[in-house]
Amino acid sequence: MKNLIERAARDLINSSYAVALTGAGISTESGIPDFRGPSGIWTKDPEAEKRAYQTYHKFLTNPKEYWEERLARPLLGDLGKVEPNPGHYALAELEKMGILKWVITQNIDNLHQKAGNKNVLDYHGNYSKLRCRNCGNRFDSKGYNLEKLKEEGKLPPLCPVCTEPLKADVVHFNEPIPLDVAKQSREEVLKCDLMLICGTSAVVYPFAELPRIAKERRVETESKTESGLYLVKKISATTIIEINAEPTPLTYERISDYLIQGKTGEILPKIVEEVKIHSL
Ligand code: NAD
């Protein structure tokens, strides 16, 4: 394990454009359950997963009921009260050091921003915002008293720009990823030469496609053989490191170069410490 932590630190120091991909696993140490880990919400309650597949359809067909159900049964509890953990803070420190350029997260909990990361792409949206499907504008949910709208029978909230019903910014199953985020995430992935994948089972698409896109990007290397000929090899342009409690399809399919198995809240701070030691 120590060797792998040192290796990750050196890879980060030698990288010129590192991005992190994160999932629910990085937030479990803040007290938010994941979906598919051993104590995940859906591992324990498969019916909740089935219901989640209906949510987007519900918004499209009956936005009032969508909001009533959402307010009555928030899937992840009150996220406003949750604090970042050492894993989030370690990524924020890597950004401050100029090593980490972007975090692309599947999480909706706003904890990377709370920990201090400035460059965050919320691939599946952010619980603290509402979004208009029609004009694409996002609004801070603090500007909407949803409980009051419910009491007054005024749900759903309406877009102040185009008057269409607003939905939560959170992306539901069967809902397309908003174009702006999908486009920029892809651009960052095509630029990166190091990808740090933290706390994701990597089974939700299209997010799980991002490491595969990075892996496909190739660079040519040239070396001189003993006979004086030049040998040109095409190798992956991106070093891919996974930090996860368990192996994932990315591990088994050798998309990641190596897995550091364990908790992100313990491993990421150790990597940052090593980065500091080796970059002195
Ligand atoms: P997932 O539940 O499918 O997988 C989480 C992975 O993280 C598992 O492999 C688990 O073993 C691992 N893990 C759990 N705790 C860990 C820890 N402390 N350190 C390292 N690894 C740990 O999560 P996913 O891949 O992100 O996909 C689930 C979807 O659900 C995402 O789209 C996300 O939007 C949503 N979700 C978000 C939150 C959140 O915002 N915090 C929470 C639950 C689900």
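Source: prediction; values computed, not measured.

Visitor: How do you make sense of the domain arrangement of the chain when you look at a structure like this?
Guide: Accessible area lost when the parts come together is the quantity often used to give the size of an interface. Along its sequence, the chain is carved into domain 1 (1-32 + 83-125 + 177-280) and domain 2 (36-75 + 129-168). When each unit is reduced to the centre of its C-alpha atoms, the spacing between domain 1 and domain 2 is 30 Å. With 8 residues of domain 1 at the contact, the number on the domain 2 side is 5 residues. Between domain 1 and domain 2, a total of about 410 Å² is buried, with carbon and sulfur atoms accounting for 43% of that surface. Summed over the shared surface of domain 1 and domain 2, the number is 1 salt bridge. For D180, the salt bridge identified is with R138, shortest N-O distance 2.8 Å. At the surface where domain 1 touches domain 2, the tally comes to 1 residue pair in polar contact (both at pLDDT 80 or more). Taken together, the residues of the side of domain 1 that touches domain 2 sort by class into 4 nonpolar, 1 polar and 3 charged.

Visitor: Help me out: how do you make sense of the pairing of strand β10 (residues 239-244) in this one?
Guide: Side chains on a regular strand alternate between the two faces of the sheet. Of all 6 residues that make up β10, 5 are buried, and the element is covered over most of its length. Direction of pairing for strand β7 (residues 194-198) relative to β10: parallel, over a ladder of 5 bridges. Counterpart to M195 in the pairing with β10 is I240. Bridge count for β10 against strand β11 (residues 258-261) is 4 bridges, and the pairing is parallel. Bridge pairing in β11 places E242 opposite L259.

Cut-offs and rules
Residues numbered from 1 in each chain as written. Predicted model: local features only at pLDDT ≥ 70, side-chain atom pairs only at ≥ 80, totals over all residues. Heavy atoms only, no water. Domains from an automatic or database assignment. Contact = heavy atoms within 4.5 Å. Buried area = accessible area lost by both parts, 1.4 Å probe. Salt bridge = Lys/Arg side-chain N within 4 Å of Asp/Glu carboxyl O. Polar contact = N/O pair within 3.5 Å; in protein donor to acceptor, adjacent residues only side chain to side chain. Nonpolar A, V, L, I, M, F, W, Y, C, P; charged D, E, K, R; others polar. Buried < 20%, exposed > 50% of the residue type's maximum accessible area, 1.4 Å probe, protein only. Helix = DSSP H or I, 4+ residues; strand = E, 2+ residues; numbered from the N terminus. Pairing = 2+ DSSP bridges.

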